[in-house]
Amino acid sequence: MFNWKFASNYLKHYLTAKSRHGVHSPFVYQLIDSVIYDFSAKGDYLPIEQIRQQLLQSKTKVTIIDLGAGSHINKNRVKEVREIAKNALKTPRMAQLIYRLVAHLQPKNLIELGTCLGVTSLYLHKANPSAQLITIEGCPEIAAVATKNFEMLDAENIQLLTGNFDTVLPEVLAKQQTEFIFIDGNHTEEATLRYFNWILPKAYDKTVIVFDDIYWSEGMKSAWKKIKQHPKVTITIDLFWIGLVFFKKDQVKEDFKVRF
Ligand SMILES: C[S@@+](CC[C@H](N)C(=O)[O-])C[C@H]1O[C@@H](n2cnc3c(N)ncnc32)[C@H](O)[C@@H]1O
(Lines give C-alpha, C1' and ligand atoms only; values in the text may rest on other atoms or scores of the structure.)
Protein backbone atom coordinates (compact mmCIF):
# COMPACT_ATOMS: atom_id res chain seq x y z
CA MET A 1 0.00 0.00 0.00
CA PHE A 2 1.32 3.44 -0.92
CA ASN A 3 2.54 5.29 2.15
CA TRP A 4 1.45 8.93 1.68
CA LYS A 5 3.00 10.09 4.93
CA PHE A 6 6.42 8.69 3.94
CA ALA A 7 6.13 10.22 0.45
CA SER A 8 5.25 13.63 1.87
CA ASN A 9 8.20 13.40 4.30
CA TYR A 10 10.42 12.61 1.31
CA LEU A 11 9.10 15.52 -0.72
CA LYS A 12 9.57 17.90 2.21
CA HIS A 13 13.14 16.66 2.65
CA TYR A 14 13.88 16.94 -1.06
CA LEU A 15 12.64 20.53 -1.21
CA THR A 16 14.55 21.70 1.87
CA ALA A 17 17.78 19.67 1.44
CA LYS A 18 20.95 21.05 -0.11
CA SER A 19 23.47 19.62 -2.51
CA ARG A 20 27.12 20.46 -1.73
CA HIS A 21 26.47 24.11 -2.73
CA GLY A 22 25.50 26.28 0.17
CA VAL A 23 27.33 24.09 2.69
CA HIS A 24 29.83 26.24 4.59
CA SER A 25 31.52 23.60 6.75
CA PRO A 26 34.69 22.43 4.90
CA PHE A 27 34.45 19.04 6.63
CA VAL A 28 30.88 18.46 5.44
CA TYR A 29 31.54 19.93 1.99
CA GLN A 30 34.42 17.51 1.44
CA LEU A 31 32.34 14.58 2.70
CA ILE A 32 29.52 15.45 0.30
CA ASP A 33 31.82 16.14 -2.62
CA SER A 34 34.24 13.24 -2.44
CA VAL A 35 32.27 10.57 -0.56
CA ILE A 36 28.51 11.03 -0.69
CA TYR A 37 28.42 12.08 -4.37
CA ASP A 38 31.18 9.75 -5.59
CA PHE A 39 29.07 7.54 -7.86
CA SER A 40 32.02 5.98 -9.71
CA ALA A 41 32.13 2.16 -9.82
CA LYS A 42 34.51 0.44 -7.40
CA GLY A 43 36.04 -3.00 -7.83
CA ASP A 44 34.65 -4.21 -4.50
CA TYR A 45 31.03 -3.62 -5.51
CA LEU A 46 30.63 -6.30 -8.15
CA PRO A 47 31.34 -9.49 -6.13
CA ILE A 48 28.96 -8.31 -3.40
CA GLU A 49 26.25 -7.46 -5.92
CA GLN A 50 26.70 -10.93 -7.46
CA ILE A 51 25.91 -12.39 -4.03
CA ARG A 52 22.83 -10.15 -3.83
CA GLN A 53 21.70 -11.51 -7.22
CA GLN A 54 22.04 -15.10 -5.95
CA LEU A 55 20.04 -14.21 -2.83
CA LEU A 56 17.33 -12.61 -4.99
CA GLN A 57 16.91 -15.96 -6.79
CA SER A 58 17.08 -18.20 -3.71
CA LYS A 59 13.95 -20.17 -2.82
CA THR A 60 15.54 -21.55 0.37
CA LYS A 61 13.10 -21.17 3.25
CA VAL A 62 14.08 -19.71 6.61
CA THR A 63 12.08 -19.51 9.80
CA ILE A 64 12.07 -15.95 11.03
CA ILE A 65 12.64 -15.00 14.64
CA ASP A 66 11.90 -11.30 14.64
CA LEU A 67 13.32 -9.46 17.62
CA GLY A 68 12.81 -6.06 16.04
CA ALA A 69 10.08 -3.68 14.96
CA GLY A 70 9.12 -6.06 12.14
CA SER A 71 8.42 -5.44 8.50
CA HIS A 72 5.85 -3.08 6.99
CA ILE A 73 5.50 -5.62 4.16
CA ASN A 74 5.14 -9.25 5.30
CA LYS A 75 4.80 -10.64 8.80
CA ASN A 76 4.91 -14.39 7.91
CA ARG A 77 7.20 -16.54 10.03
CA VAL A 78 8.56 -18.65 7.16
CA LYS A 79 10.04 -16.72 4.25
CA GLU A 80 12.06 -17.47 1.19
CA VAL A 81 15.53 -15.92 1.13
CA ARG A 82 14.68 -14.10 -2.10
CA GLU A 83 11.84 -12.26 -0.37
CA ILE A 84 14.11 -11.14 2.47
CA ALA A 85 16.73 -10.06 -0.08
CA LYS A 86 14.10 -8.03 -1.92
CA ASN A 87 12.58 -6.27 1.09
CA ALA A 88 15.06 -6.07 3.97
CA LEU A 89 18.43 -5.17 2.45
CA LYS A 90 19.87 -1.75 1.81
CA THR A 91 19.75 -0.92 -1.89
CA PRO A 92 23.08 -1.00 -3.79
CA ARG A 93 23.07 2.82 -3.81
CA MET A 94 22.77 3.04 0.00
CA ALA A 95 25.09 0.11 0.75
CA GLN A 96 27.73 1.61 -1.54
CA LEU A 97 27.41 4.97 0.21
CA ILE A 98 28.08 3.21 3.52
CA TYR A 99 31.09 1.50 1.88
CA ARG A 100 32.48 4.89 0.79
CA LEU A 101 32.00 6.38 4.25
CA VAL A 102 34.01 3.55 5.81
CA ALA A 103 36.66 3.66 3.06
CA HIS A 104 37.03 7.41 3.69
CA LEU A 105 36.94 7.42 7.50
CA GLN A 106 38.97 4.19 7.96
CA PRO A 107 37.54 3.25 11.36
CA LYS A 108 39.49 0.54 13.19
CA ASN A 109 36.45 -1.03 14.86
CA LEU A 110 32.96 -1.33 13.46
CA ILE A 111 29.66 -2.62 14.80
CA GLU A 112 26.62 -3.40 12.68
CA LEU A 113 23.23 -3.95 14.32
CA GLY A 114 21.23 -6.08 11.86
CA THR A 115 23.34 -8.43 9.74
CA CYS A 116 20.39 -9.99 7.93
CA LEU A 117 21.88 -11.84 4.89
CA GLY A 118 25.25 -10.11 5.29
CA VAL A 119 25.18 -7.78 2.30
CA THR A 120 25.96 -4.52 4.11
CA SER A 121 28.37 -6.41 6.39
CA LEU A 122 30.34 -7.34 3.27
CA TYR A 123 30.38 -3.72 2.12
CA LEU A 124 31.56 -2.58 5.58
CA HIS A 125 34.27 -5.23 5.58
CA LYS A 126 35.54 -4.66 2.04
CA ALA A 127 35.79 -0.89 2.65
CA ASN A 128 38.41 -1.51 5.35
CA PRO A 129 39.35 -5.22 5.39
CA SER A 130 41.87 -4.99 8.23
CA ALA A 131 39.35 -3.41 10.61
CA GLN A 132 37.50 -5.47 13.16
CA LEU A 133 33.82 -5.76 12.28
CA ILE A 134 31.28 -7.19 14.70
CA THR A 135 27.83 -7.70 13.22
CA ILE A 136 24.82 -8.77 15.30
CA GLU A 137 21.77 -10.72 14.09
CA GLY A 138 18.90 -12.09 16.17
CA CYS A 139 17.58 -14.73 13.78
CA PRO A 140 19.86 -17.82 13.69
CA GLU A 141 18.62 -19.14 10.31
CA ILE A 142 19.20 -15.77 8.64
CA ALA A 143 22.61 -15.52 10.33
CA ALA A 144 23.52 -18.92 8.85
CA VAL A 145 22.86 -17.61 5.33
CA ALA A 146 25.04 -14.56 6.07
CA THR A 147 27.88 -16.79 7.30
CA LYS A 148 27.87 -18.65 3.97
CA ASN A 149 28.05 -15.32 2.12
CA PHE A 150 31.03 -14.23 4.21
CA GLU A 151 32.79 -17.50 3.37
CA MET A 152 32.12 -16.98 -0.33
CA LEU A 153 34.08 -13.71 -0.28
CA ASP A 154 36.73 -14.92 2.22
CA ALA A 155 35.62 -12.25 4.67
CA GLU A 156 37.38 -13.72 7.66
CA ASN A 157 37.54 -10.50 9.65
CA ILE A 158 33.78 -10.39 10.18
CA GLN A 159 32.63 -11.66 13.55
CA LEU A 160 28.92 -12.50 13.48
CA LEU A 161 27.27 -12.66 16.90
CA THR A 162 23.82 -14.27 16.99
CA GLY A 163 21.54 -12.81 19.66
CA ASN A 164 19.39 -9.90 20.69
CA PHE A 165 20.97 -6.44 20.27
CA ASP A 166 19.73 -5.71 23.80
CA THR A 167 22.00 -8.31 25.33
CA VAL A 168 24.86 -8.50 22.82
CA LEU A 169 25.49 -4.78 22.22
CA PRO A 170 26.28 -3.88 25.88
CA GLU A 171 28.71 -6.83 26.03
CA VAL A 172 30.49 -5.68 22.87
CA LEU A 173 30.62 -2.03 23.97
CA ALA A 174 32.05 -3.02 27.35
CA LYS A 175 35.04 -4.62 25.65
CA GLN A 176 36.08 -2.00 23.12
CA GLN A 177 35.96 1.54 21.82
CA THR A 178 34.07 1.64 18.54
CA GLU A 179 34.58 4.15 15.77
CA PHE A 180 31.79 3.28 13.35
CA ILE A 181 28.36 1.94 14.26
CA PHE A 182 25.65 1.16 11.73
CA ILE A 183 22.21 0.71 13.32
CA ASP A 184 20.00 -1.15 10.86
CA GLY A 185 17.43 -3.05 12.90
CA ASN A 186 14.72 -2.70 15.56
CA HIS A 187 13.44 0.63 14.31
CA THR A 188 11.41 1.81 17.27
CA GLU A 189 11.96 5.13 18.99
CA GLU A 190 12.59 3.53 22.33
CA ALA A 191 15.13 0.93 21.07
CA THR A 192 16.93 3.48 18.87
CA LEU A 193 17.37 5.89 21.77
CA ARG A 194 18.42 3.02 24.05
CA TYR A 195 21.22 1.96 21.66
CA PHE A 196 22.26 5.61 21.22
CA ASN A 197 22.45 6.12 25.00
CA TRP A 198 24.53 2.95 25.41
CA ILE A 199 26.99 4.11 22.74
CA LEU A 200 27.24 7.70 24.08
CA PRO A 201 29.72 7.09 26.93
CA LYS A 202 32.01 5.36 24.41
CA ALA A 203 31.65 8.03 21.72
CA TYR A 204 34.62 10.27 21.08
CA ASP A 205 36.04 12.50 18.36
CA LYS A 206 36.37 9.71 15.79
CA THR A 207 33.04 8.02 16.44
CA VAL A 208 30.38 8.01 13.72
CA ILE A 209 26.93 6.50 14.14
CA VAL A 210 24.81 5.79 11.07
CA PHE A 211 21.11 5.42 11.78
CA ASP A 212 19.02 3.75 9.12
CA ASP A 213 15.38 4.59 8.35
CA ILE A 214 15.18 7.86 10.27
CA TYR A 215 11.83 8.65 8.58
CA TRP A 216 10.41 5.08 8.76
CA SER A 217 7.78 6.03 11.37
CA GLU A 218 6.78 8.91 13.63
CA GLY A 219 8.75 7.17 16.40
CA MET A 220 11.93 7.08 14.29
CA LYS A 221 11.47 10.74 13.34
CA SER A 222 11.16 11.62 17.00
CA ALA A 223 14.24 9.53 17.91
CA TRP A 224 16.27 11.29 15.18
CA LYS A 225 15.17 14.71 16.48
CA LYS A 226 16.26 13.85 20.03
CA ILE A 227 19.61 12.44 18.84
CA LYS A 228 20.37 15.62 16.88
CA GLN A 229 19.66 17.73 19.97
CA HIS A 230 22.00 15.81 22.28
CA PRO A 231 24.76 18.17 23.53
CA LYS A 232 27.55 15.66 22.82
CA VAL A 233 26.53 15.46 19.15
CA THR A 234 28.07 18.10 16.88
CA ILE A 235 27.43 17.50 13.18
CA THR A 236 24.46 15.55 11.87
CA ILE A 237 23.80 14.84 8.20
CA ASP A 238 20.27 13.89 7.24
CA LEU A 239 20.24 12.02 3.93
CA PHE A 240 16.58 11.04 4.45
CA TRP A 241 17.24 7.28 4.14
CA ILE A 242 20.00 7.38 6.73
CA GLY A 243 21.30 9.88 9.27
CA LEU A 244 24.97 10.40 10.13
CA VAL A 245 26.00 11.50 13.61
CA PHE A 246 29.45 12.93 14.40
CA PHE A 247 30.99 13.88 17.73
CA LYS A 248 33.89 15.96 16.35
CA LYS A 249 34.82 18.59 18.91
CA ASP A 250 36.38 20.99 16.37
CA GLN A 251 33.03 21.40 14.58
CA VAL A 252 30.20 23.70 15.61
CA LYS A 253 26.87 22.02 16.20
CA GLU A 254 24.93 21.99 12.94
CA ASP A 255 22.40 19.80 11.17
CA PHE A 256 22.72 19.39 7.40
CA LYS A 257 19.94 18.12 5.17
CA VAL A 258 21.58 16.71 2.07
CA ARG A 259 19.89 15.45 -1.09
CA PHE A 260 20.87 11.89 -1.96
C1 LIG B 1 16.90 -4.36 7.85
S2 LIG B 1 17.63 -5.86 8.27
C3 LIG B 1 19.36 -5.54 8.08
C4 LIG B 1 19.78 -5.43 6.63
C5 LIG B 1 21.26 -5.46 6.41
N6 LIG B 1 21.97 -4.51 7.21
C7 LIG B 1 21.57 -5.20 4.93
O8 LIG B 1 21.11 -4.17 4.41
O9 LIG B 1 22.28 -6.01 4.32
C10 LIG B 1 17.44 -5.87 10.02
C11 LIG B 1 17.90 -7.16 10.70
O12 LIG B 1 17.98 -6.90 12.11
C13 LIG B 1 17.53 -8.05 12.83
N14 LIG B 1 17.04 -7.57 14.13
C15 LIG B 1 16.03 -6.68 14.33
N16 LIG B 1 15.88 -6.45 15.65
C17 LIG B 1 16.82 -7.18 16.29
C18 LIG B 1 17.19 -7.34 17.66
N19 LIG B 1 16.53 -6.70 18.64
N20 LIG B 1 18.22 -8.15 17.95
C21 LIG B 1 18.87 -8.81 16.96
N22 LIG B 1 18.57 -8.71 15.64
C23 LIG B 1 17.56 -7.90 15.31
C24 LIG B 1 16.47 -8.67 11.96
O25 LIG B 1 16.37 -10.07 12.21
C26 LIG B 1 16.95 -8.34 10.53
O27 LIG B 1 17.63 -9.41 9.97
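Provided above is the structure to which this section pertains.
Rules and cut-offs
Residues numbered from 1 in each chain as written. Predicted model: local features only at pLDDT ≥ 70, side-chain atom pairs only at ≥ 80, totals over all residues. Helix = DSSP H or I, 4+ residues; strand = E, 2+ residues; numbered from the N terminus. Buried ≥ 20, exposed ≤ 12 C-beta atoms within 10 Å, placed from the backbone. Contact = placed C-beta atoms within 7 Å. Core = buried A, V, L, I, M, F, W, Y, C linked by C-beta atoms within 7 Å. Near = placed C-beta within 6 Å. Expected span 1.5 Å × (residues − 1). Arc of directions from axis to C-beta. Pairing = 2+ DSSP bridges. Axes fitted to C-alpha atoms, helices over the stretch in contact; angles between N-to-C directions. Parallel < 35°, antiparallel > 145°, perpendicular 65-115°, else oblique. Left-handed = near helix turned anticlockwise from the far one by under 90°. Nonpolar A, V, L, I, M, F, W, Y, C, P; charged D, E, K, R; others polar.

Overview of the overall build of the protein
For step 1, the next point in the chain: Looking only at helices and strands, one finds 10 helices and 10 strands in the protein.
For step 2, the next point in the chain: Expressed along its principal axes, the backbone C-alpha trace of the protein runs to roughly 50 × 45 × 35 Å.
For step 3, the next point in the chain: Residues counted as buried form 37% of the 260 residues belonging to the protein.
For step 4, the next point in the chain: A sequence separation of at least 24 residues applies to 67% of the contacts in the protein between residues at least 6 apart.

Re the nonpolar core
One recurring pattern in soluble globular proteins is that nonpolar side chains are buried together.
For step 1, the next point in the chain: One finds Ile98, Leu117, Tyr123, Ile142 and Val210 to be the most contacted residues of the largest nonpolar core, which totals 66 residues.
For step 2, the next point in the chain: In this structure, Leu117 is in contact with Leu55, Val81, Ile84, Ala85, Leu89, Ile142, Val145, Ala146 and Asn149, ignoring residues within four places of it in sequence.

Some details on the site of the ligand
For step 1, the next point in the chain: Around the ligand, the structure places 21 residues, and the nearest of them are Gly68, Gly114, Cys116, Gly138 and Gly185.
For step 2, the next point in the chain: Looking at the shell around the ligand, the elements that each hand over two or more residues are helix H6 (119-127), strand E4 (132-137) and helix H8 (165-175).

Looking at helix H3 (residues 45-57)
For step 1, the next point in the chain: The end-to-end C-alpha separation of H3 is 19 Å, in line with the 18 Å expected for 13 residues at 1.5 Å each.
For step 2, the next point in the chain: Of all the positions in H3, only Ile48, Ile51 and Leu55 are classed as buried. Projected down its long axis, H3 shows its buried positions confined to an angular sector of 55 degrees, all on one face. Set apart from the buried face of H3 by more than 90 degrees, the exposed residues are Leu46, Gln50, Gln53 and Gln57.
For step 3, the next point in the chain: In this structure, the buried residues of H3 make contact with helix H4 (81-87), H6 and helix H7 (140-152).

Here's the deal with the sheet that holds strand E6 (residues 180-183)
For step 1, the next point in the chain: In spatial order, the strands read E5-E4-E3-E6-E7-E9-E8-E10; together these 8 strands make up an open sheet with mixed pairing. Each end of this open sheet is capped by a strand with a single partner; those strands are strand E5 (158-162) and strand E10 (254-257). Strand-to-strand twist across the sheet, computed as the mean angle between neighbouring axes with direction ignored, equals 15 degrees.
For step 2, the next point in the chain: The pairing of E6 with strand E7 (residues 208-212) spans 4 bridges and is classified as parallel. Residue pairing in the sheet places Phe182 in a bridge with Val210 of E7.
For step 3, the next point in the chain: Most of the contacts of helix H5 (residues 92-105) go to E6, to which it runs at about 165 degrees, and overall it touches strand E3 (109-113), E6, E7 and strand E9 (242-246).
For step 4, the next point in the chain: Contacting E4 and E5, H7 runs over the sheet at an angle of about 170 degrees to E5.

A short note on the packing of H8 against helix H9 (residues 189-199)
Two quantities define a packed helix pair, namely the angle between the helix axes and the distance between the axes.
For step 1, the next point in the chain: It is at 10 Å that the axes of H8 and H9 come closest, and there the two elements cross at 15 degrees. In terms of axis orientation, H8 runs roughly parallel to H9. Where H8 crosses over H9, the handedness of that crossing is right-handed. Residue-level contacts link Phe165, Leu169, Pro170 and Leu173 of H8 to Tyr195, Trp198 and Ile199 of H9.
For step 2, the next point in the chain: When its residues are assigned to classes, the contact of H8 with H9 shows 7 nonpolar, no polar and no charged.

Focus on H9
For step 1, the next point in the chain: Among all positions of H9, only Ala191, Thr192, Tyr195 and Phe196 are buried. Relative to the axis of H9, the buried residues are bounded by an arc of 135 degrees and lie together on one face. In H9, the exposed residues that point more than 90 degrees away from the buried face are Glu190 and Asn197.
For step 2, the next point in the chain: Taken together, the buried residues of H9 touch E3, H8, E6, E7 and helix H10 (218-229).

Quick word on the environment of Leu101
For step 1, the next point in the chain: Structurally, Leu101 is set in helix H5.
For step 2, the next point in the chain: With 22 C-beta atoms packed within 10 Å, Leu101 lands in the buried category.
For step 3, the next point in the chain: Sequence separation of Leu101 and Val208 is 107 residues, and the distance between their C-alpha atoms is 9.7 Å.

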